[in-house]
Amino acid sequence: TGLRSARIALLVLGATNLVMVAVMAIAPIPLTHHDHSLDFVGVVISIHVLWMFAPSPLTGWLADRAGGTLVAALGAVLLFAAGVMGAVMDLSHGWEMTAMLAVLGLGWNGGVVGGSTMLVTAVPPNLRPQTEGIGQTDRRDAGRQGHGRGRRIVRSSGMERAREQLARLIGARD
């Protein structure tokens, strides 16, 4: 069961990073397309990064008390919520994009803190450094996939078409 739990934790870490990187690889495109300044884009990305890391003391505390699985599940719900927001919002509204990317950052935090906690509790202490290294590699590789896929989707079908497909996939539009 330890090996199975470790594999699930690695899946959580990889999927979390894939989703976040896929969205962030294309996030500046609609912002600049709708004439938001590069300064504004920088603020939006800074807010996203803030929500990726600032909640860590709270999510770490929650993971210690309620378990990594709960924190990872909350992260997944937030990542899904960010996807719904991104699919249905008006991309010309920069502050809506900011809110969506903040939720994405918080979801990423939950996925990483929860997944890391799951991973650490699944393996004996003497294997934790190597296992965490595998988790870091997993996240890096998933991020590469997310970046490439996000860019390819937008390049091949355009931003609006990609949003329509996402909205249909999650049932937000007919």
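Treat the numbers as computed from the prediction; the structure is a model and nothing was measured.

Rules of the game
- Residues numbered from 1 in each chain as written.
- Predicted model: local features only at pLDDT ≥ 70, side-chain atom pairs only at ≥ 80, totals over all residues.
- Heavy atoms only, no water.
- Helix = DSSP H or I, 4+ residues; strand = E, 2+ residues; numbered from the N terminus.
- Buried < 20%, exposed > 50% of the residue type's maximum accessible area, 1.4 Å probe, protein only.
- Contact = heavy atoms within 4.5 Å.
- Areas by Shrake-Rupley, 256 points an atom, 1.4 Å probe, with all protein chains shown as cover.
- Axes fitted to C-alpha atoms, helices over the stretch in contact; angles between N-to-C directions.
- Parallel < 35°, antiparallel > 145°, perpendicular 65-115°, else oblique.
- Left-handed = near helix turned anticlockwise from the far one by under 90°.
- Nonpolar A, V, L, I, M, F, W, Y, C, P; charged D, E, K, R; others polar.
- Phe/Tyr/Trp six-rings, centres within 6.5 Å; stacked < 30°, edge-to-face > 60°.

1. Quick notes on the overall build of the protein chain
Argument step 1. Across its full length, the protein chain holds 8 helices and 0 strands.
Argument step 2. From first element to last, N terminus to C terminus, the protein chain shows the α and β order α-α-α-α-α-α-α-α.
Argument step 3. Looking at the protein chain residue by residue over its 174 residues, the buried ones come to 40%.
Argument step 4. Looking at the protein chain alone, contacts between residues at least 24 apart form 79% of all its contacts between residues at least 6 apart.
Argument step 5. Accessible surface, the protein chain: about 9,300 Å² in total, of which carbon and sulfur atoms supply 65%.

2. Some words on the environment of V103
Argument step 1. In this fold, V103 is placed in helix α6 (residues 94-122).
Argument step 2. Residues contacting V103, with those up to four places away along its chain left out, are L78, A81, A82 and M85.

3. Describing the packing of helix α5 (residues 68-88) against α6
Helix-helix packing: each pair is described by the crossing angle between the helix axes and the interaxial distance.
Argument step 1. The N-to-C vectors of α5 and α6 enclose an angle of 155°; their axes lie 7 Å apart at closest approach. On the basis of their axis angle, the class for α5 and α6 is roughly antiparallel. Crossing geometry of α5 relative to α6 is assigned as left-handed.
Argument step 2. A class-by-class count of the residues in the contact of α5 with α6 yields 15 nonpolar, 10 polar and no charged.

4. With respect to the packing of helix α4 (residues 56-66) against α5
Argument step 1. Across the interface, α4 lies against α5 with an axial gap of 7 Å and an inter-helix angle of 135°. For the element pair α4 / α5, the angle class is oblique. Note on element contacts: α5 touches α4 through G68, L70, V71 and L74, opposite T59, L62, A63 and A66.
Argument step 2. Within the contact of α4 with α5, the residues separate by chemical class into 6 nonpolar, 2 polar and no charged.

5. Structural notes on the packing of aromatic side chains
Argument step 1. Within the structure shown, the criterion is met by 2 aromatic pairs.
Argument step 2. Both rings, one in F40 and one in W95, keep their centres 5.0 Å apart while their planes meet at 90°; by these two values the pair is edge-to-face. Of this pair, F40 sits in helix α3 (residues 38-53) while W95 sits in helix α6, placing them 55 residues apart in sequence.
Argument step 3. Ring plane angle 70° and centroid distance 5.3 Å describe the contact between F53 and W108, whose orientation is recorded as edge-to-face. Of this pair, F53 sits in helix α3 while W108 sits in helix α6, and the two are 55 residues apart along the sequence.
Argument step 4. Under the relative-accessibility criterion, F53 is labelled partly exposed at 47%.

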